[in-house]
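Architecture at a glance
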Amino acid sequence: KMKNDANPSLPDMFAALGDPTRFAIVERLLAEGEVSAGDLGAGFPVSAPAISRHLSVLRRAGIARRRIDRQRRLYSIRPDALQMLAVWTMTHAEFWQGSLSRLDALMAQEEKKP
(Lines give C-alpha, C1' and ligand atoms only; values in the text may rest on other atoms or scores of the structure.)
Protein backbone atom coordinates (compact mmCIF):
# COMPACT_ATOMS: atom_id res chain seq x y z
CA LYS A 1 0.00 0.00 0.00
CA MET A 2 1.37 3.39 -0.99
CA LYS A 3 1.87 6.16 1.52
CA ASN A 4 0.32 9.57 1.10
CA ASP A 5 1.96 12.10 -1.20
CA ALA A 6 3.44 14.03 1.73
CA ASN A 7 6.00 11.31 2.42
CA PRO A 8 7.20 9.62 -0.79
CA SER A 9 9.18 6.39 -0.70
CA LEU A 10 11.47 5.05 -3.39
CA PRO A 11 9.69 1.68 -3.75
CA ASP A 12 6.36 3.47 -4.21
CA MET A 13 7.86 5.83 -6.78
CA PHE A 14 9.47 3.03 -8.79
CA ALA A 15 6.25 0.99 -8.66
CA ALA A 16 4.27 3.97 -9.96
CA LEU A 17 6.78 4.66 -12.74
CA GLY A 18 6.73 1.00 -13.79
CA ASP A 19 3.49 1.51 -15.68
CA PRO A 20 4.06 2.83 -19.23
CA THR A 21 1.09 5.21 -19.13
CA ARG A 22 2.14 6.71 -15.80
CA PHE A 23 5.71 7.02 -17.02
CA ALA A 24 4.44 8.84 -20.13
CA ILE A 25 2.31 11.14 -17.95
CA VAL A 26 5.40 12.01 -15.89
CA GLU A 27 7.40 12.67 -19.07
CA ARG A 28 4.67 14.98 -20.32
CA LEU A 29 4.43 16.85 -17.01
CA LEU A 30 8.21 17.28 -17.01
CA ALA A 31 8.11 18.69 -20.54
CA GLU A 32 5.05 20.92 -20.13
CA GLY A 33 4.95 21.83 -16.45
CA GLU A 34 1.55 22.12 -14.82
CA VAL A 35 -1.19 20.48 -16.92
CA SER A 36 -4.89 19.98 -16.25
CA ALA A 37 -6.21 16.45 -15.90
CA GLY A 38 -8.45 17.02 -18.92
CA ASP A 39 -5.57 18.13 -21.12
CA LEU A 40 -3.46 15.20 -19.94
CA GLY A 41 -6.23 12.76 -20.79
CA ALA A 42 -6.49 14.09 -24.33
CA GLY A 43 -2.98 12.85 -25.09
CA PHE A 44 -3.51 9.20 -24.15
CA PRO A 45 -5.62 6.41 -25.65
CA VAL A 46 -7.28 5.61 -22.32
CA SER A 47 -10.48 6.83 -20.68
CA ALA A 48 -10.70 9.89 -18.46
CA PRO A 49 -11.38 7.69 -15.39
CA ALA A 50 -8.25 5.66 -16.19
CA ILE A 51 -6.17 8.86 -16.40
CA SER A 52 -7.66 9.94 -13.07
CA ARG A 53 -6.60 6.63 -11.50
CA HIS A 54 -3.09 6.96 -12.94
CA LEU A 55 -2.80 10.50 -11.57
CA SER A 56 -4.02 9.28 -8.19
CA VAL A 57 -1.29 6.61 -8.13
CA LEU A 58 1.33 9.23 -9.02
CA ARG A 59 0.07 11.49 -6.23
CA ARG A 60 0.04 8.69 -3.64
CA ALA A 61 3.57 7.73 -4.68
CA GLY A 62 4.65 11.33 -4.08
CA ILE A 63 5.69 12.00 -7.68
CA ALA A 64 2.92 14.37 -8.72
CA ARG A 65 0.95 17.03 -6.92
CA ARG A 66 -2.49 18.44 -7.62
CA ARG A 67 -3.64 22.02 -7.37
CA ILE A 68 -7.32 22.86 -7.61
CA ASP A 69 -8.24 26.00 -9.54
CA ARG A 70 -12.02 26.36 -9.54
CA GLN A 71 -13.24 23.46 -11.71
CA ARG A 72 -9.80 22.42 -12.95
CA ARG A 73 -7.44 19.91 -11.40
CA LEU A 74 -3.88 20.92 -12.28
CA TYR A 75 -1.05 18.43 -11.97
CA SER A 76 2.70 18.94 -11.79
CA ILE A 77 5.79 17.00 -10.78
CA ARG A 78 7.21 17.30 -7.27
CA PRO A 79 10.89 18.30 -7.63
CA ASP A 80 11.78 16.76 -4.25
CA ALA A 81 10.57 13.36 -5.46
CA LEU A 82 12.69 13.63 -8.58
CA GLN A 83 15.65 14.61 -6.43
CA MET A 84 15.20 11.44 -4.36
CA LEU A 85 15.12 9.34 -7.53
CA ALA A 86 18.17 11.12 -8.94
CA VAL A 87 20.23 10.60 -5.78
CA TRP A 88 19.33 6.91 -5.63
CA THR A 89 20.08 6.44 -9.33
CA MET A 90 23.44 8.20 -9.14
CA THR A 91 24.46 6.20 -6.07
CA HIS A 92 23.71 2.96 -7.85
CA ALA A 93 25.17 4.14 -11.14
CA GLU A 94 28.53 4.56 -9.43
CA PHE A 95 28.28 1.00 -8.09
CA TRP A 96 27.42 -0.46 -11.51
CA GLN A 97 30.07 1.58 -13.28
CA GLY A 98 32.67 0.20 -10.89
CA SER A 99 31.37 -3.33 -11.41
CA LEU A 100 31.45 -2.96 -15.19
CA SER A 101 34.98 -1.53 -15.06
CA ARG A 102 36.14 -4.55 -13.04
CA LEU A 103 34.42 -6.88 -15.52
CA ASP A 104 36.12 -5.11 -18.45
CA ALA A 105 39.52 -5.51 -16.77
CA LEU A 106 38.86 -9.20 -16.10
CA MET A 107 37.78 -9.80 -19.70
CA ALA A 108 40.89 -8.01 -20.98
CA GLN A 109 43.06 -10.34 -18.83
CA GLU A 110 41.24 -13.40 -20.16
CA GLU A 111 41.76 -12.30 -23.76
CA LYS A 112 45.53 -12.05 -23.18
CA LYS A 113 45.76 -15.66 -22.02
CA PRO A 114 46.85 -18.21 -24.66
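Everything discussed here concerns the structure shown above.
Residues numbered from 1 in each chain as written. Predicted model: local features only at pLDDT ≥ 70, side-chain atom pairs only at ≥ 80, totals over all residues. Heavy atoms only, no water.

**Details of the sheet that holds strand β2 (residues 64-69)**
Spatial strand order, β1-β3-β2: 3 strands in an open sheet with antiparallel pairing. Taken across any chain shown, the strands that pair with only one partner, and hence form the sheet edges, are β1 (35-36) and β2. (Pairing = 2+ DSSP bridges. Helix = DSSP H or I, 4+ residues; strand = E, 2+ residues; numbered from the N terminus.)

**Side note on helix α2 (residues 20-32)**
Compared with an ideal rise of 1.5 Å per residue, which puts 13 residues at 18 Å, α2 spans 18 Å between its outermost C-alpha atoms and is within 8% of the ideal. Within the span of α2, buried status applies to R22, I25, V26 and L29. Each buried residue of α2 sits inside an arc of 100° when the element is viewed along its axis, so together they form one side. Along α2, the residues that are exposed and aim more than 90 degrees away from the buried face are P20 and A31. The opening residue of α2, the one whose side-chain oxygen lies 2.9 Å from the backbone nitrogen of T21, is D19. Residue G33 follows α2 closely and has a positive phi angle near 80°. (Expected span 1.5 Å × (residues − 1). Buried < 20%, exposed > 50% of the residue type's maximum accessible area, 1.4 Å probe, protein only. Arc of directions from axis to C-beta. Polar contact = N/O pair within 3.5 Å; in protein donor to acceptor, adjacent residues only side chain to side chain.)

**Re unusual backbone geometry**
Positioned with a positive phi, R70 is a non-glycine residue whose angle comes to about 55°. Topologically, R70 is positioned in the loop between β2 and β3 (72-77). Exposure remark for R70: the relative accessible area of 75% places this residue in the exposed category.

**Quick look at the nonpolar core**
A general trend in soluble globular proteins is that nonpolar side chains are found buried together. Judged by nonpolar contacts, the single largest core of 20 residues is most densely connected at I25, L29, L40, L58 and I63. Of all the secondary structure elements, the ones that give two or more residues to this core are α1 (10-17), α2, α4 (48-60), β3 and α5 (79-112). With 4 residues, α4 is the single largest residue contributor to this core. Apart from residues no more than four positions distant in its own chain, I25 is found in contact with L40, F44, I51, H54, L55 and L58. (Core = buried A, V, L, I, M, F, W, Y, C linked by side-chain atoms within 4.5 Å. Contact = heavy atoms within 4.5 Å.)

**With respect to the pattern of salt bridges**
Opposite charge on two side chains permits pairing when their charged atoms draw close. Under the counting rule described, the total for this entry stands at 3 salt bridges. In this structure, the salt-bridge partner of E32 is R28, at a minimum N-O distance of 2.9 Å. Residue E32 and its partner R28 are both found in helix α2; the two are separated by 4 residues, about one turn of the helix. Exposure remark for E32: the relative accessible area of 46% places this residue in the partly exposed category. The partner of D80 in a salt bridge is R78, and the shortest N-O contact between them spans 2.6 Å. The class for R78 is buried, based on a relative accessible area of 11%. (Salt bridge = Lys/Arg side-chain N within 4 Å of Asp/Glu carboxyl O.)

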